[in-house]
Amino acid sequence: MCGIAGIFNLHKDQEISIDNLRRMAAIINHRGPDGFGFYKDRRAGFAHARLSIIDLEGGWQPIHNEDKSIWITFNGEIFNYVELRDTLISRGHRFYTKSDTEVIVHLYEDHGVECLKYLNGQFAFAVWDKNNDKFFAARDRVGIRPLFYTFVNGSMIFASEIKSLFTDNRVKREIDPRALDQVFTFWMTISPRTAFKNILELPAGHYMVVEKGDCKIEKCWDLDFTPDVNERSEQEYAEELRELLIDSTKLRLRADVPVGAYLSGGIDSSVITALIKKHTNNPLRTFSVAFHDEVYDESKYQKEMIEYLNTDHSVIKCSYSDIGKVFPDVIWHTETPILRTAPAPLYMLSKLVRDNGYKVVLTGEGSDEVFAGYDIFKEVKVRKFMEMNPDSKFRSLILKRLYPYLANSPTKSLKFSEAFFKTDVSGYPAEFYSHIPRWNTTSKTKFFFSDRIKEELNGHRSTDELSSLLSDNIQKYDYMSQAQYLEIKTLLSNYLLSSQGDRMAMGNSVEGRFPFLDHRVIEFCCKLPPNLRMQTLTEKYILKKSMNKLLPESITKRTKQPYMAPDIKSFFSDGTIDYVDEMFSEGTLKEYDLFDVKRARRFLEKCRKGLAIGFKDNMAFVGILSSQLLHHRFIDQFPSYTLNEIDKTKEHIVEVA
């Protein structure tokens, strides 16, 4: 895993500065502190910050083909590179490294942009094809690895992180009000929009080709929930799933460095660690986060799995103040406002991993989305059930089955929960049915927007941008599959895999790998009959069936507890943290002009007194604070990095006149 950056001149040759490329790499050296590589000619300049995991000695980037007419800078892993390499050698290709990166170069030589369909991996990369005067960039199917870009003065500038783009003084830094609107509705921005004006993100499962000055972006993969025409028995589905997960896990253990695993105590991470234990010879080194607050703590189940699998385990115990202290650094890495503090403990966890000498961890991310593990999927089934007989006095009792783990669950009061889930869906496309209650709840936080932001948003509908990202086929899917499609295309790609995934791990130079997000596993799950993903209100039914002999019953049958962290309490447990008062000060609120000064100040006092409760208050506070910190870090006081940030003894430079 690495950090990439570069410049491509769209229309004509012009000088590209190595110093500029150095600055772009230096600011993301947390993604790759092991070395730096650069290539430049008068059309393209590539920078690479390396986290060495495969071919430690020979895999320096950028990498080229046999005649040096094709160059690549690559962030990620191609897990099936061994098999692809053998095929390419049999076709006459000559390799000068043992890296997975070089496989992409030769695949591109043979197949052009169609090379993407052969890759099983998590990646973002850029290719400069000199002979055909073509720039080609791509991102993996579900968006595990990021890629951002912008256009300025006849050049396209790209990078793994937005901060890298901002080292070029031609690139303006400005918060995008429409992005705020999206975050305060969906929890994240909708690709290609980012938190900053004119900074774009290549959407997951897309590629870009720049040729003759024209930029074309195309989709190369999407979810397909069309039912399986060859329906099989439950047992057959369970056995096929088990074999897929075994192979996916084995592939993700490929590395020339030790590989660890996260172990949360839930079924997802327990499945991955158990598969490693039973089907490989890899030493089982595990890591977890625990909480002082018992509401969020899963230590009991973690200890049970540690003893069951006999793992060598390390844990970090997280207090309220721990979260508050690291939160500004979290926002530096997320590069977007967030509405929950959940990324902060994961940032601390990745530091624990790195401090123990590990660069790679396997995690259970993605299972909830592909196996219908969240309460939002139960929610949609319950709402549909109630709507079949809206006058029934008994059907609404099923609402009690939702959100049992929440201290302030909306289902504790039957009247409140009936009102909450009988959301008015008029004005929304039918395929948004499942997510409308969540979006409506989140949208109430926009009460705090300043008049300037509200004026700029006047008449804008964020759902229109979301619709443009979705497949036309979504309308043909059953309501459960529609809900899963939406969750994977939105929250998984643009929040869980970025703000909680890539950014928090790579902030401490750690690579996360996700066996449940192997595209073969996803495609298999999409074809499953919906009742095998969730049977009645039993989530992850087929996963539990396929793994029932691998895990103790106490894990497979435990009540699901989604990963969460304390929000408002994290900033007031030991008195108010200094930066909180600064970000909520009258002067700072006025200067940034993102939120209404009086409302934000009154809300701060409410939170300070411990009077804020529930989803809306927690999301509003974290959202305001993170937005203010984003402005402070990236607009107000963006750092100016010197060339000394890079150890030049670790540089590899290729310059072509």
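No experiment lies behind these values; they were computed from the predicted model shown. (Residues numbered from 1 in each chain as written. Predicted model: local features only at pLDDT ≥ 70, side-chain atom pairs only at ≥ 80, totals over all residues. Heavy atoms only, no water.)

## A look at the overall build of the chain
Under the convention used in this document: Strands are runs of DSSP state E lasting at least 2 residues, helices are runs of H or I lasting at least 4, and numbering of each runs from the N terminus. The globule rule used for comparison is 2.2 Å times the number of residues to the exponent 0.38, while the radius of gyration itself is calculated over C-alpha atoms. Whether a residue is buried, partly exposed or exposed follows from its accessible area with a 1.4 Å probe, protein chains only, as a fraction of its type maximum: under 20%, in between, or over 50%, in that order. Two residues qualify as a contact provided that any one of their heavy atoms is within 4.5 Å of a heavy atom in the partner residue.
Secondary structure assignment for the chain yields 26 helices and 20 strands. Scaling as 2.2 N^0.38, a compact globule of 657 residues should have a C-alpha radius of gyration of about 26 Å, and the chain matches this with 24 Å. On the principal axes, the C-alpha backbone points of the chain span a range of 75 × 65 × 45 Å. Looking at the chain as a whole, 64% of its 657 residues qualify as buried. Of the contacts made within the chain by residues no fewer than 6 positions apart, 74% connect residues no fewer than 24 positions apart.

## A closer look at the pattern of salt bridges
Here is the rule: For this analysis, a salt bridge means a side-chain nitrogen from Lys or Arg found within 4 Å of a carboxyl oxygen belonging to Asp or Glu.
Applying the stated criterion across every chain, the model contains 52 salt bridges. For Arg-232, the salt bridge goes to Asp-228, with nearest N and O atoms at 2.7 Å. Here Arg-232 falls in the partly exposed class, since its relative accessible area comes to 31%. You can call Asp-228 buried: its relative accessible area is 18%. A salt bridge links Asp-518 to Arg-252, with the shortest nitrogen-to-oxygen separation between them at 3.1 Å. Placement of Asp-518 in the loop between strand E17 (511-513) and helix H19 (519-527) and of Arg-252 in the loop between helix H6 (234-251) and strand E13 (259-262) is noted, with a sequence separation of 266 residues between them. Here Arg-252 falls in the buried class, since its relative accessible area comes to 2%. Here the salt bridges share partners, and the residues they tie into one network are Arg-31, Arg-145, Glu-161, Lys-163, Glu-335, Asp-502 and Arg-503.

## Looking at helix H16 (residues 462-469)
Keep this limit in mind: Within this analysis, the arc is defined by the directions that extend from the helix axis to the C-beta atoms.
Regarding H16, the residues found buried are Ser-462, Thr-463, Glu-465, Leu-466 and Leu-469. Along the axis of H16, the buried positions cluster into a sector of 155°, meaning they face one direction only.

## Observations regarding the domain arrangement of the chain
Heads up, the rule is: For each domain, the first and last residues come from an automatic or database assignment. Here's the idea: put two parts together, see how much 1.4 Å probe accessible area each one loses, and the total over both is what we call buried area.
Looking at the chain, the domain boundaries give domain 1 (2-171), domain 2 (234-370 + 497-556), domain 3 (375-441 + 466-486) and domain 4 (573-636). For domain 1 and domain 2, the distance between their C-alpha centroids amounts to 28 Å. Listed as interface residues are 32 residues of domain 1 and, on the opposing side, 28 residues of domain 2. For the pairing of domain 1 and domain 2, the buried interface totals around 2500 Å² over both sides, and the portion due to carbon and sulfur atoms is 53%. Seen at the junction of domain 1 and domain 2, the total is six salt bridges. Where Lys-163 meets Glu-335, a salt bridge forms, and the shortest distance between an N and an O atom there is 2.9 Å. Take the side of domain 1 that touches domain 2: its biggest share by element is three residues, from helix H2 (residues 81-90).

## Concerning the packing of helix H17 (residues 479-496) against helix H18 (residues 498-506)
Rules: Between the N-to-C directions of two axes lies an angle of 0 to 180 degrees, each axis being a line fitted to C-alpha atoms and, for a helix, fitted only over the stretch in contact. Roughly parallel refers to an angle under 35 degrees, roughly antiparallel to one over 145, roughly perpendicular to one between 65 and 115, and oblique to any angle outside these ranges. Amino acids are sorted into nonpolar (Ala, Val, Leu, Ile, Met, Phe, Trp, Tyr, Cys and Pro), charged (Asp, Glu, Lys and Arg) and polar (every other residue, Gly among them).
Close contact between H17 and H18 brings their axes to 5 Å; oriented N to C, the two are set at 25°. In terms of orientation, H17 lies roughly parallel with respect to H18. Across the interface between the two elements, Ser-493, Asn-494, Tyr-495 and Leu-496 of H17 pack against Ser-498, Ser-499, Gln-500 and Gly-501 of H18. Taken together, the residues of the contact of H17 with H18 sort by class into two nonpolar, six polar and no charged.

## Brief notes about the pairing of strand E6 (residues 121-129)
For clarity, the cut-off: In this scheme, strands are said to pair when DSSP sees at least two bridges between them.
Counting buried positions over the nine residues of E6 gives nine, a clear majority of the element. On E6, burial covers both faces: Gly-121, Phe-123, Phe-125, Val-127 and Asp-129 on one face and Gln-122, Ala-124, Ala-126 and Trp-128 on the other are all buried. Pairing of strand E5 (residues 70-78) with E6 involves nine bridges; the strand directions are antiparallel. By the bridge assignment for E6, Ile-72 is matched with Val-127. Across six bridges, E6 lies against strand E7 (residues 134-139) in antiparallel orientation. Counterpart to Asp-129 in the pairing with E7 is Lys-134. In sequence, E6 turns back onto E7 through a hairpin of four residues, with Asp-133 there showing a positive phi of about 50°.

## Quick notes on the packing of helix H5 (residues 177-186) against H16
Orientation of H5 relative to H16, taken along the N-to-C sense of each, is 80°, at an axis distance of 10 Å. Our classification of the angle between H5 and H16 gives roughly perpendicular. Contacts from Arg-178, Asp-181, Gln-182 and Phe-186 in H5 reach Ser-462, Thr-463, Glu-465 and Leu-466 in H16. Per-class residue counts for the contact of H5 with H16 are two nonpolar, three polar and three charged.

## Structural notes on unusual backbone geometry
With an omega of -5°, the peptide bond between Gln-61 and Pro-62 qualifies as cis. One can find Pro-62 in the loop between strand E3 (44-50) and strand E4 (63-64). A cis geometry characterises the amide bond from Ser-191 onward to Pro-192, with omega recorded as 10°. Although it is not a glycine, Asp-55 adopts a positive phi angle of roughly 50°.

## Concerning H2
For H2, every residue scored as buried is listed here: Tyr-81, Leu-84, Arg-85 and Leu-88. Down the axis of H2, the smallest arc covering the buried residues is 100°, so these residues share one side. Looking one or two places after H2, you find Gly-92, whose phi comes out positive at around 105°.

## Considering the sheet that holds strand E2 (residues 35-40)
Strand pairing in a sheet relies on backbone hydrogen bonds, with the paired strands running either antiparallel or parallel. With mixed pairing, seven strands are arranged side by side in an open sheet as E10-E8-E9-E1-E3-E2-E20. The sheet is open, and its two edges are formed by strand E10 (200-201) and strand E20 (651-655), each paired on a single side. Both strand E8 (residues 148-152) and strand E9 (residues 155-159) contribute to a ladder of five bridges, which runs antiparallel. The partner of Phe-151 across the bridge, within E9, is Met-156. Here helix H1 (residues 18-26) sits on the sheet and contacts strand E1 (2-9), E2, E3, E9 and E20; the angle it forms with E2, its principal contact strand, is near 145°.

## A few points about the environment of Pro-203
Within the secondary structure, Pro-203 sits in the loop between E10 and strand E11 (206-211). A C-alpha to C-alpha distance of 30 Å links Pro-203 and Leu-263, two positions 60 residues apart in sequence. In contact with Pro-203, not counting residues within four places along its chain, are Arg-139, Ser-191 and Leu-469.

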